[in-house]
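Understanding the architecture of this molecule
One letter stands for each residue in the lines below.
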Amino acid sequence: MLAAVSGEASRLGVSIAERGVEEVGDHIEFFAPQLDVVVQRRIEAVNEVSEPKKVKEYRPDPNLIELVGDDISEVGQFNRRDAVTCTGNEAKVTVKLTTDAYGYETSYIIKDSNNNAVLVMPETGSSFGKSQTYTDSICLEPGQYTLRLKDSGGDGFCSSYGCGSVSVSVDGSTVLDISNDKSEWKVVDKKFSVIIFSGRGSVDSGSSSFTGDSGFVSKSCYDTSVYTKIDKYGKETTWKITKKGSSSAIASMDAELDAYESKTVDAGCLQPGDYTLTFTDIDGICCKNGKGEFRLIVDGEDLFSGGSFIGSVSHDFKIGYDWGEGMQSRDWEFLQAHNTRREDWHTRCNDMYCGKKTSYLKWSSGLAADAKVYAEKLLDSCDNQGVKHDPGIEQGENLAKNKGTGQWGELYDADKIVKRFVDNEEFWGWHNNAHLTQALWYASKYLGCGESVKTMSNGETCRMQVCRYAKAGNCEMGLYNSEEGDNWMKPMMMDDSPCGPVCPPEGCYI
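To start, this report covers the structure provided alongside it. (Residues numbered from 1 in each chain as written. Predicted model: local features only at pLDDT ≥ 70, side-chain atom pairs only at ≥ 80, totals over all residues. Heavy atoms only, no water.)

**Thoughts on the overall build of the protein chain**
Helix and strand content of the protein chain: seven helices and 28 strands. Contacts in the protein chain between residues far apart in sequence, at least 24 positions, make up 74% of those at least 6 positions apart. (Helix = DSSP H or I, 4+ residues; strand = E, 2+ residues; numbered from the N terminus. Contact = heavy atoms within 4.5 Å.)

**Overview of the sheet that holds strand β13 (residues 173-178)**
Pairing is antiparallel across the open sheet formed by four strands, whose spatial order is β8-β4-β12-β13. Two strands in the sheet have a free side with no partner beyond their single neighbour: β8 (133-140) and β13. Strand-to-strand twist of the sheet, defined as the mean angle between neighbouring strand axes without regard to direction, takes the value 15°. Sheet topology note: the strand β12 (residues 165-170)/β13 ladder contains five bridges and is antiparallel. What sits directly across from V166, in β13, is I178. Relative to β13, helix α3 (residues 329-346) is tilted by about 85°, and along the sheet it contacts β12 and β13. (Pairing = 2+ DSSP bridges. Axes fitted to C-alpha atoms, helices over the stretch in contact; angles between N-to-C directions.)

**As for the packing of aromatic side chains**
Scanning the entire structure with this criterion turns up 12 aromatic pairs. Residues Y275 and F317 carry aromatic rings whose centres are separated by 5.7 Å and whose planes lie at 20° to one another, so their mutual orientation is stacked. Pair noted here: Y275 is in strand β21 (residues 273-281) and F317 is in strand β24 (residues 311-319), with a separation of 42 residues, a long-range link. By relative accessible area, which is 1% here, F317 ends up buried. What links up through ring pairs into an aromatic cluster is the set Y102, Y104 and Y161. (Phe/Tyr/Trp six-rings, centres within 6.5 Å; stacked < 30°, edge-to-face > 60°. Buried < 20%, exposed > 50% of the residue type's maximum accessible area, 1.4 Å probe, protein only.)

**A short note on empty space enclosed by the protein**
Counted by the stated rule, this structure contains one cavity of 30 Å³ or more. In this model, the largest cavity occupies a volume close to 40 Å³. Taken together, W441, C475, E476, Y480, P491, M494, D496, S497 and P498 make up the full set of residues lining the largest cavity. When the residues that make up the lining of the largest cavity are grouped by side-chain class, the tally is six nonpolar, one polar and two charged. (1 Å grid on protein atoms, 1.4 Å probe; cavity = no way out; pocket = protein on both sides within 12 Å on 5 of 7 lines; lining within 4 Å. Points joined across faces, edges and corners; volume = space filled by probe spheres on them. Nonpolar A, V, L, I, M, F, W, Y, C, P; charged D, E, K, R; others polar.)

**As for the sheet that holds strand β20 (residues 262-270)**
Ordered by their spatial adjacency, four strands build an open sheet running β20-β17-β22-β23, and the pairing between neighbours is antiparallel. This sheet does not close on itself; its edge strands, each paired only once, are β20 and β23 (301-306). Pairs of neighbouring strands in the sheet enclose a mean axial angle of 15°, with direction left out of account. Pairing of strand β17 (residues 222-229) with β20, which is carried by eight bridges, proceeds in the antiparallel orientation. Considered in β20, the bridge of D223 is made with C269.

**Regarding unusual backbone geometry**
For the peptide bond that leads from M121 to P122, omega is -5°, which places it in the cis range. Residue placement: P122 occurs in the loop between β6 (117-121) and β7 (126-128).

**Brief notes about the packing of α3 against helix α5 (residues 414-421)**
Between α3 and α5, the shortest axis-to-axis distance is 8 Å and the interhelical angle comes to 40°. In terms of crossing hand, the pair formed by α3 and α5 is right-handed. Touching R330, E333, F334, A337, H338 and R341 of α3 are A414, D415, I417, V418 and K419, all from α5. For the contact of α3 with α5, a count of residues per class yields five nonpolar, one polar and five charged. (Left-handed = near helix turned anticlockwise from the far one by under 90°.)

**A few points about the nonpolar core**
The biggest cluster of nonpolar side chains holds 67 residues, and the ones touching the most others in it are L277, F304 and F317. Here the element with the most residues in this core is α3; it accounts for five residues. With residues near it in sequence (within four places) discarded, L277 still touches V226, W239, K240, I241, F294, L296, F304, V313, S314, H315 and F317. (Core = buried A, V, L, I, M, F, W, Y, C linked by side-chain atoms within 4.5 Å.)

**Things to note about the pairing of β6**
For strand β5 (residues 106-111) and β6, the ladder comprises four bridges, and the chain directions are antiparallel. Directly across from Y108, in β6, lies its bridge partner M121. From the end of β5 to the start of β6, which pair antiparallel, there are five residues, and N115 there has a positive phi angle of about 70°.

**Details of α5**
At 3.6 residues per turn, the α-helix brings residues three or four places apart onto the same side. Buried residues of α5: A414, I417, V418, R420 and F421, and no others. Here the buried residues of α5 occupy an arc of 150° about the axis, which is enough to place them on one side. (Arc of directions from axis to C-beta.)

**Remarks on the side chain of T237**
Its place among the elements puts T237 in the loop between β17 and β18 (238-243). Classification of T237 by relative accessible area gives buried; the value is 0%. At a separation of 2.5 Å, a polar atom in the side chain of T237 contacts the side chain of D281. Beyond its immediate chain neighbours, meaning those up to four positions away, T237 contacts I230, M253, D254, A255, F279, T280, D281 and I285. (Polar contact = N/O pair within 3.5 Å; in protein donor to acceptor, adjacent residues only side chain to side chain.)

Next comes the structure, spelled out in structure tokens:
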């Protein structure tokens, strides 16, 4: 029976069997279907081809204007496409729809969290044309939205009558992509988030690179100060800010404070460039002899903090640094996938935390480069079960892998990969949810992800994904009885954390 089915499927061009595995960190999530399931699916596919469906007639509503080709650009207030420019607390949300041969059956609505329709397409009195592509943009405030797709024919928009698709992007970054969906449906709801944070960007589809609107505004100088709170031995503590590579102090504090005293020193308005802050103290200012700390403040925002060190500690930082420059579209997708989930989790209110603002991650090219190096190294272990963490690294790390033939070896959406880190572990509890806690770690400020791929001798494709974080998460979890109930949330949601690295390889930046 299996041989006969295989032969018939091959004759009809039906895919036979795909094999593969998905893994996260050292944990195997799920394997390929068992053989009998694969055979059943092949039989169903053969039967479907052997008994073609009755061809339906093309009957659009004669009372509606069917929008074909360029006609849609003349219709409706939202069909300005590139002319739509969003300012202030709004993001540009773009819907790109391609219809099948029965476009008049298709429509969509975007609803806000209160179930109010903010965009309805096509407009009253019109319908989409067959096998056409339409693009519509609208400016929306941050929040949760729902894209509701409708197909009055009940067969979806990807079948023997053509294959339609739809995507939604926020400021150029794709947040929803429904393509090659051959399921039958009349109504489908897909949720997405609109978030705006410092350094948001847009993607140039032509070059697949980060362009222009990174949220960065160049300034001639940036107000900088250092807050210091001393431990019991204040006369031991000094600090200085230097231009990176120079020993001359631009600003400094001598051993002048008394026990437990605090002071904020104005370092002046620093010009764009690379700097280093160095603190010196025999045993640091935290925590053996008091809860001392220091904070570097740039334009009113804490750039980094610390206090626990021996002898001295130095942190590089950048002033006037556009961290979005040079980002690729894939980088943005990883960043968006993380920050959407951080926004959701950080603004929840439960017994462990309330009233928190979202701690958004910024992209780090240095972390991304380190992640890429390790992702390439992991390719040597494609045949092994599990994905092993880089031993001895100070950076936080999440790992994923997919391997196999067909869909198992495809390039996964970044959102799907981060979903495996976070969404899949939401109800697992510590320490089975260690990928979630790292991705959501409140004190983490920087993210960089790297990937690798190779074709194996057995024809399978192996892909590795590595994301690195600074600060590292999962720090001192045992101090909070983290395995008891939801106690793991306590350290995850703390404003700061003693684990490093404080800054990514290129230094800290706003």
